[in-house]
There are 2 protein chains.
Amino acid sequence: MSNEFLKHIKWNSDGLVAAIAQDASSGRVLMMAWMNAESLQISVDTGDAVYWSRSRAKLWRKGESSGNVQKIRAIELDCDGDALLLQVEQLGGIACHTGRQSCFYRRLSTGDWQTTEAVLKDPATMYQHVDKT
Amino acid sequence: MSNEFLKHIKWNSDGLVAAIAQDASSGRVLMMAWMNAESLQISVDTGDAVYWSRSRAKLWRKGESSGNVQKIRAIELDCDGDALLLQVEQLGGIACHTGRQSCFYRRLSTGDWQTTEAVLKDPATMYQHVDKT
């Protein structure tokens, strides 16, 4: 596929663009991560979400260890060109490395963050050799 | 209100945290912007979304010129503490400075970005003295 689309993205000083993953069926926002050009190109080519892990400084093939792969249904770009919105099918129903559906499981209430979502799966059973996918 | 919640946020090197605004009713992701501690505190205190404009290097009171204020229904924090998700009521039904409901109005198709959403309101009629709100 042509990579003309990469030229319209406003990469930050680290060569990254923010990528929001939204459940294409429920509309729930699952997570926000980052992509570089290579990870976006691979995501487009394969249909599976691949991010750039800033903490590990390497490609992060979402779900490669946990199996919680994100199948991409659509990719949208914002007006400024510096944020992507991925409409995904979240395999396994778990996006967060804590074992929850969404990474946004804490809600501000009475001055602090309150956990609003239970762990669906023990992270210890999700991973074998990596800390986070 | 206590500002204990600010301590749990992992601010980036510029003192900012990513903030995603989602329509609390429809689930549509409207935009992604940035907040510093002051803008988040004001947002919490007033209930109206206030961002930090990186391009203008000042507080960005969303809708102050266009009237398209975002009424905050909930604020959620992700597992890493470096992204916020705002559930909002978008007054005027327009979040984007281009006059569209959402800033994510371009979709990747056949190798390039295709505009998938019409302008609802001419930006020239939305603003008077600023380029963007």
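How each quantity is defined
- Residues numbered from 1 in each chain as written.
- Chains lettered and ligands numbered in written order.
- Predicted model: local features only at pLDDT ≥ 70, side-chain atom pairs only at ≥ 80, totals over all residues.
- Heavy atoms only, no water.
- Pairing = 2+ DSSP bridges.
- Helix = DSSP H or I, 4+ residues; strand = E, 2+ residues; numbered from the N terminus.
- Axes fitted to C-alpha atoms, helices over the stretch in contact; angles between N-to-C directions.
- Contact = heavy atoms within 4.5 Å.
- UniProt positions renumbered as here; feature names shortened; annotations may be inferred.
- Buried < 20%, exposed > 50% of the residue type's maximum accessible area, 1.4 Å probe, protein only.
- Polar contact = N/O pair within 3.5 Å; in protein donor to acceptor, adjacent residues only side chain to side chain.

Considerations on the sheet that holds strand β5 (residues 70-77) of chain A
- Strand order in the open sheet formed by six strands is β2(A)-β1(A)-β6(A)-β5(A)-β7(B)-β8(B), and the pairing between neighbours is mixed. Single-partner strands in this sheet number two, and they are β2 (29-35) of chain A together with β8 (112-115) of chain B. This sheet shows a mean twist of 35 degrees between the axes of neighbouring strands, independent of strand direction.
- Sheet analysis places strand β1 (residues 17-23) of chain A next to β2(A), joined by six bridges and oriented antiparallel. Residue pairing for β2(A): A:A19 is matched across the bridge by A:A33.
- Each of β2, β5 and β6 (83-90) of chain A together with β7 (106-109) of chain B is contacted by helix α1 (residues 37-46) of chain A, which is oriented at about 125 degrees to β2(A), the strand it contacts most.

A look at the UniProt feature "binding site: Zn(2+)" (unreviewed entry) in chain A
- The positions UniProt marks with the feature "binding site: Zn(2+)" (unreviewed entry) are A:C79, A:C96 and A:C103. Over a stretch of 25 residues, the named residues are scattered through the fold, their C-alpha atoms separated by up to 27.6 Å.
- On the secondary structure map, A:C79 appears in the loop between β5 and β6.
- Residue class for A:C79 comes out buried when judged on its relative accessible area of 16%.
- With near-sequence residues (within four places) excluded, A:C79 lies in contact with B:C96, B:H97, B:T98, B:C103, B:Y105 and B:R106.
- Mapped onto the elements, A:C96 comes out in the loop between β6 and β7 (106-109).
- Judged by its relative accessible area of 0%, A:C96 is buried.

Looking at helix α1 (residues 37-46) of chain B
- If you check which residues of α1(B) are buried, you get B:S39, B:L40, B:Q41, B:I42, B:S43 and B:V44.
- Those residues of α1(B) that are buried are in contact with β7 of chain A together with β2 (29-35), β3 (50-53), β4 (58-61), β5 (70-77) and β6 (83-90) of chain B.
- At the exit of α1(B) stands B:G47, carrying a positive phi of roughly 85 degrees.

Some remarks on the side chain of B:Q87
Residue and element names in this part refer to chain B.
- Within the fold, Q87 resides in strand β6.
- The exposure class of Q87 is buried, given its relative accessible area of 13%.
- Of note is the side chain of Q87, whose polar atom sits 3.0 Å from the side chain of Q22.
- Leaving out residues up to four positions away in the same chain, Q87 has contacts with Q22, D23, A24, K71, I72, R73, A74 and E76.

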